[in-house]
Amino acid sequence: AGGIRMSTETAGDIGTASTSTDGSSKGDADLSSVTRRSLGSQENLMLPRQYGPHLDKKESPFPQMNHVSVAVLSSTPSLKHLQSALNDLMKTHPLLRCHIEGSGEPEKRIDLFQMVREGEPDPCTFVSSDQIYDVDDVLTVKEVSGDTNADLDDSWKSSFESSLDDGSWCDVNKGPLWNIELHRTSSDASSPCALLMKFNHAISDQSSANLMLDQILYTLASLDERGSIKDAATVPQSMPLSLEESVLGTKRAFKDVKTEDVSLNTVKYVLAKAAEGSKSPVILPDSITGSNEDGGGILGALTIISGRSPGGDGSSGRKSTVQFRKLSDSNTQALLAKCRANGVSITNALTAAAALTSTDFIDGGSSKKDMKRNYKVLQSLDMRRFGDQLDKCETVSCKAGSMDLMLGPLDDYSGESIRLQGDVDLENKFWDLAKTSRDQTSDFIQNDGPQEATRVFDFAMTISDMNNLVHLSAEGKDTQGRAYSAGVSNVGVYERQKGVRRNSNADGERDTIKSKHGKYEVQEIYFATSHARSGCLYQVSTMTVQGSMDFTFHPASPIVPKDVNAKYADAFIDLLELVSGGERTNPTSTKNENKGNMIMNFAQSNPLDNIPEWSLGTVAAALGLVGIAIHWDAWVQFIDNFKIIRQAVPDDADFWSVLNFWILFAVSHPILQPILWISDVLHGSPGPKIADLVPATFLLGNVVAISAVAMSKEIRNAAGIFALSAFITYVGAGLDGQAGLGDFNLQLNDSYKGTVVKGCPTYEQVRQPSMDNFDLEKYQGLWYEQKFHDWTQFKEVYDTYLDIKVSYFVVTIIKRERP
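Residues numbered from 1 in each chain as written. Predicted model: local features only at pLDDT ≥ 70, side-chain atom pairs only at ≥ 80, totals over all residues. Heavy atoms only, no water.

Below, the discussion takes up the overall build of the chain. The helix and strand tally for the chain stands at 25 helices and 26 strands. Looking at the chain as a whole, 49% of its 819 residues are labelled buried. Looking at the chain as shown, the accessible area adds up to about 38200 Å², and 55% of this sits on carbon and sulfur atoms. (Helix = DSSP H or I, 4+ residues; strand = E, 2+ residues; numbered from the N terminus. Buried < 20%, exposed > 50% of the residue type's maximum accessible area, 1.4 Å probe, protein only. Areas by Shrake-Rupley, 256 points an atom, 1.4 Å probe, with all protein chains shown as cover.)

As structure tokens, then:
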């Protein structure tokens, strides 16, 4: 389906023997049917698809994205019945009995930084046979030390936290890509237990985990009652479609249609994503950055694209830290009523709560007066609900997507102001923010945002090594792998999801999931994906079960220490209880006044904070637009020449070698210009010199400039935008021939002010008038007449010596030797 190889063939037909669950090869007489499908782009991100140049350096493979879900049950099943239920589960769902084949390596990488892919002869592929894994390969029994509910909780909570970051249990090339733990205090059926499921996120999302849990409990209850499965799940289930196929339709992935489906909405989506960076959302607390720096920005992005981690390696020691909380059923219902009264959804309220609670902790305990920040909140989406909606969640797969919300600017301690004062006006600020979330979500959906996000991401994953970009960001000290201020994943009401299709409803409506099957009642469900390597600064995942909301708070430590995460969780729940009008179980306060701190008092009186927001940034952006407008004709000519070269050079290797050479000089010269300018300023600065080297006035100027940038977010933003504007303008001048032939001429046809200069000139073309009366017969030695004719050169050459390599210049040499 969808142009992705998804056939059902015997292993003999494809020339391979099937493999038994113990890894031994089975003979041709006992071959099982095999289903294959290449992974989609989103699945390749989660798996993850590896990066050959990284592995060639003997580096550790990129770790898998882990998804963990736990259900606390009222009763403990017999081990025999649980094993039977798991066997039934594997027979039903193809991805629960699959492994991965294929390296995912491209045919070749064609750019300077080894990031752009071409071709994929050996794609990562799901391979699922009718043979299920041995139940011992997927089930682990954890005998709890102790017999109380607290002992049980300690057991599964410890395993939950460690499992988020540890994927060592999963060998994707052998499978299985999932695992389940039974935590029990005893084998007594009347005792509670916990079922903890672990997944490689490429095959699962929480809707899939819910589907599996319901099927397990149904089977257990049926086996307890009658010794067999009543109304079994429909088998066989088809291999699920990829996310891209489900949303965009079959044969609509980028590899199938290229740019055919690109529309105005696609362009608008890309521009909107680019504009998000201009708002400089906070992604790290001040305790990490030392200021209100966002840790990323344009420079960080360019650093990653060039194949390096921004700020160097900063990934060591990060791990998930987890807190579990519950919003009571009465408060959950009160919150729902308040949401309906304000015309928003529960998810809108949760994203507002996440942003407001983040304001209470973002300063790292060093409060700053009148500080306002923007918050970029990652809102998870079930992509089955969008586009063509081809996947109906009848079998296990991953359809997890997301969208970005930009909330703010918000004052530091906005959440605490609402919680401590609790008046109507402050609560209205909460609901106004929830409505902003609602409006952004509605706009995203109405403008086909889910489809465009899928399309753009599919394009990026297809042509580039996105997993390596994620790795470089995760390794960077400047970003610490953070891309969002906060994240919210709300799966909704457990009992409203549809269950697995059964023989009795093979062609009709499926039954909904039940929170109770027989003696097995679902008391709590918590779930999370790991954000230790990359993701959100603060992250919360939640689902409503039996009327109450179960919350998991799972950021990365030490960015968010364990104690801070606990305070964040308490403040988050307290804020929801307050705005719901329900009972407040644990009123909280988080503020640190920092009285008597002279440094903080100075920061609080910072006069640069009075600069109007976006005043300087707007001017810097306007300069960039003016620079583009001035050289617009040159840019158009460059694009036309680019197309001509592409047509004339069909070989990709030759074409990219030319383009990479152009990029090298287009980028290096604008970088060198300010360095040389600073050198001129250094040597030309007046006044006494420190250590007879650096003029005092130059050093003082640097202190003033660096302090201004450090103390003012507006100046920082403007500096970044101005640097980009200057870069674009300078390159435009090079394309337009306005920077001087010996300075910076970048046009591809080498034209200069209307005169085309091509090839190496002859001696007659470069001969100077001073040669007219020059009598060579009167002189002995070697004579050189030279002229620059190379657009790669620039004016800051200073002295040129005759022993320089002539390969760098076009040189005409007149030579006469005498005895």
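Next, the rest of the story.
Take the pattern of salt bridges next. Once the charged atoms of two side chains with opposite charge are near each other, the side chains can pair. Across all of its chains, the model carries 33 salt bridges by this definition. Between Arg36 and Glu101 there is a salt bridge whose closest N-O contact spans 2.9 Å. Of this pair, Arg36 sits in strand β2 (residues 33-38) while Glu101 sits in strand β4 (residues 98-101), placing them 65 residues apart in sequence. Looking at Arg36, the relative accessible area reads 11%, which means it is buried. A relative accessible area of 31% means that Glu101 is categorised as partly exposed. With a shortest N-O distance of 3.8 Å, Asp404 and Lys376 are connected by a salt bridge. Of this pair, Asp404 sits in strand β14 (residues 400-411) while Lys376 sits in strand β13 (residues 372-382), placing them 28 residues apart in sequence. Classification of Lys376 as buried rests on a relative accessible area of 14%. (Salt bridge = Lys/Arg side-chain N within 4 Å of Asp/Glu carboxyl O.)

One open sheet accounts for six strands, arranged β8-β9-β10-β3-β17-β16; its pairing is mixed. Each edge of the open sheet carries a strand with a single partner, namely β8 (139-143) and β16 (516-517). Against the sheet, helix α5 (residues 149-165) makes contact with β3 (66-73), β9 (178-184), β10 (193-200) and β17 (520-529), and its axis sits at roughly 170 degrees relative to β3, the strand it touches most. Across the sheet, helix α6 (residues 206-226) lies against β3, β9, β10, β16 and β17, angled at about 155 degrees from β17, the strand it touches most. (Pairing = 2+ DSSP bridges. Contact = heavy atoms within 4.5 Å. Axes fitted to C-alpha atoms, helices over the stretch in contact; angles between N-to-C directions.)

Let us now look at the state of the cysteines. Across all of its chains, the model carries zero disulfides by this definition. Unpaired in terms of disulfides, Cys98 finds its nearest cysteine sulfur in Cys170, a separation of 9.0 Å. Residue class for Cys98 comes out buried when judged on its relative accessible area of 0%. (Disulfide = S-S within 2.5 Å.)

Along the polypeptide, Thr125 turns up in strand β7 (residues 125-129). Distance from Thr125 to Arg37, taken between C-alpha atoms, is 5.5 Å for residues 88 residues apart in sequence. Within the structure, Thr125 has its side chain in polar contact with the backbone oxygen of Pro123 (distance 2.9 Å). (Polar contact = N/O pair within 3.5 Å; in protein donor to acceptor, adjacent residues only side chain to side chain.)

This part is about the packing of helix α14 (residues 414-421) against helix α15 (residues 424-446). Relative orientation of the contacting elements α14 and α15 amounts to 140 degrees, with a least axis distance of 9 Å. Taken as axis vectors, α14 and α15 run oblique relative to one another. Where α14 crosses over α15, the two elements pack in a sense that is left-handed. Contacts between α14 and α15 involve Ser417, Ile418 and Gln421 on the former and, on the latter, Leu426, Glu427 and Phe430. (Parallel < 35°, antiparallel > 145°, perpendicular 65-115°, else oblique. Left-handed = near helix turned anticlockwise from the far one by under 90°.)

Moving on: the pairing of β10. Buried residues dominate β10, accounting for eight of its eight residues. Of the two faces of β10, the one lined by Cys193, Leu195, Met197 and Phe199 and the one lined by Ala194, Leu196, Lys198 and Asn200 are each fully buried. Taken together, the eight bridges between β3 and β10 define a ladder with antiparallel strand orientation. Counted as the bridge partner of Leu73 is Cys193 from β10. Pairing of β9 with β10 involves seven bridges; the strand directions are antiparallel. Along β10, the bridge assignment pairs Trp178 with Phe199.

A few words on the packing of aromatic side chains. This structure, assessed with the given rule, holds 14 aromatic pairs. Judged by centre distance (5.1 Å) and plane angle (70 degrees), the rings of Trp156 and Phe324 are edge-to-face. Separated by 168 residues along the polypeptide, Trp156 in helix α5 and Phe324 in strand β12 (residues 323-327) bring together distant segments of the chain. For Trp156, a relative accessible area of 1% corresponds to the buried category. Between the aromatic rings of Phe361 and Tyr568, the centroid separation amounts to 5.6 Å while the plane-to-plane angle is 45 degrees, which identifies the pairing as tilted. Of this pair, Phe361 sits in the loop between α13 (346-359) and β13 while Tyr568 is found in helix α18 (residues 562-580), placing the two residues 207 residues apart along the sequence. (Phe/Tyr/Trp six-rings, centres within 6.5 Å; stacked < 30°, edge-to-face > 60°.)

What follows concerns a nonpolar patch on the surface. Where nonpolar side chains cluster on the molecular surface, the patch consists of Val667, Ile671, Leu672, Ile675, Leu724 and Phe727 and spans about 460 Å² of accessible area. Breaking the nonpolar patch down by element, the ones donating at least two residues are α22 (652-684) and α24 (713-736). With four residues, the top contributor of residues to the nonpolar patch is α22. Tracing the chain through its elements places Val667 in helix α22. Take Val667: its relative accessible area is 33%, and that puts it in the partly exposed class. (Patch = residues over 30% accessible without salt bridge, like charges linked within 9 Å, V, L, I, M, F, W, Y side chains within 5 Å.)

In spatial order, the strands read β12-β19-β18-β15-β13-β14; together these six strands make up an open sheet with mixed pairing. The open sheet has two edge strands, β12 and β14, and neither has a second partner. For this sheet the average axis-to-axis angle between neighbouring strands, irrespective of direction, equals 20 degrees. Direction of pairing for β13 relative to β14: antiparallel, over a ladder of ten bridges. By the bridge assignment, Arg373 is partnered in β14 with Leu410. Across the sheet, α15 touches β13 and β14, and the angle it forms with β14 is around 140 degrees.

In the segment running from Gly175 into Pro176, the intervening peptide bond is cis, with an omega of -5 degrees. Examined against the element boundaries, Pro176 turns out to sit in the loop between α5 and β9. The omega torsion of the bond from Ser557 to Pro558 falls at 10 degrees, within 30 degrees of zero and hence cis. Relative to the helices and strands, Pro558 resides in the loop between β20 (556-557) and α18.

With that settled, consider the pairing of β3. Summarising burial for β3: eight of the eight residues are buried, a large majority. On β3, burial covers both faces: Asn66, Val68, Val70 and Val72 on one face and His67, Ser69, Ala71 and Leu73 on the other are all buried.

Attention now moves to the packing of α15 against α18. As a packed pair, α15 and α18 sit with axes 10 Å apart at the nearest point and diverge in direction by 105 degrees. Accordingly, the angle class assigned to the pair α15 and α18 is roughly perpendicular. In this structure, α15 uses Glu427, Phe430 and Trp431 to contact α18, whose residues at the interface are Leu575, Leu576, Leu578 and Val579. In terms of residue class, the contact of α15 with α18 is built from six nonpolar, no polar and one charged. (Nonpolar A, V, L, I, M, F, W, Y, C, P; charged D, E, K, R; others polar.)

Moving on to the side chain of His531. Mapped onto the secondary structure, His531 falls in the loop between β17 and β18 (535-545). By relative accessible area, which is 7% here, His531 ends up buried. Here the side chain of His531 touches Cys536 through a polar contact of 3.0 Å, landing on its backbone nitrogen. Ignoring any residue separated from it by four or fewer positions in sequence, one finds His531 in contact with Ser320, Arg482, Cys536, Gln539, His554 and Ala556.

On to helix α12 (residues 329-342), then. Between the first and last C-alpha of α12 there are 20 Å, a value that for 14 residues agrees with the 20 Å anticipated at 1.5 Å per step. Buried positions along α12 lie against β12, α13, α15, β19 (548-553) and α18. Gly343 lies just past α12 and shows a positive phi near 70 degrees. (Expected span 1.5 Å × (residues − 1).)

Among the nonpolar cores identified, the biggest contains 57 residues, and Phe430, Trp431, Phe551, Phe572 and Leu576 are the most heavily contacted of them. A total of nine residues in this core trace back to one element, the largest contributor, which is α18. Setting aside chain neighbours within four positions, we find Trp431 in contact with Leu335, Lys338, Cys339, Asn342, Val344, Ala349 and Val579. Listed in part, the 49 residues of the second largest apolar core include Met46, Ala202, Met239 and Tyr494. (Core = buried A, V, L, I, M, F, W, Y, C linked by side-chain atoms within 4.5 Å.)

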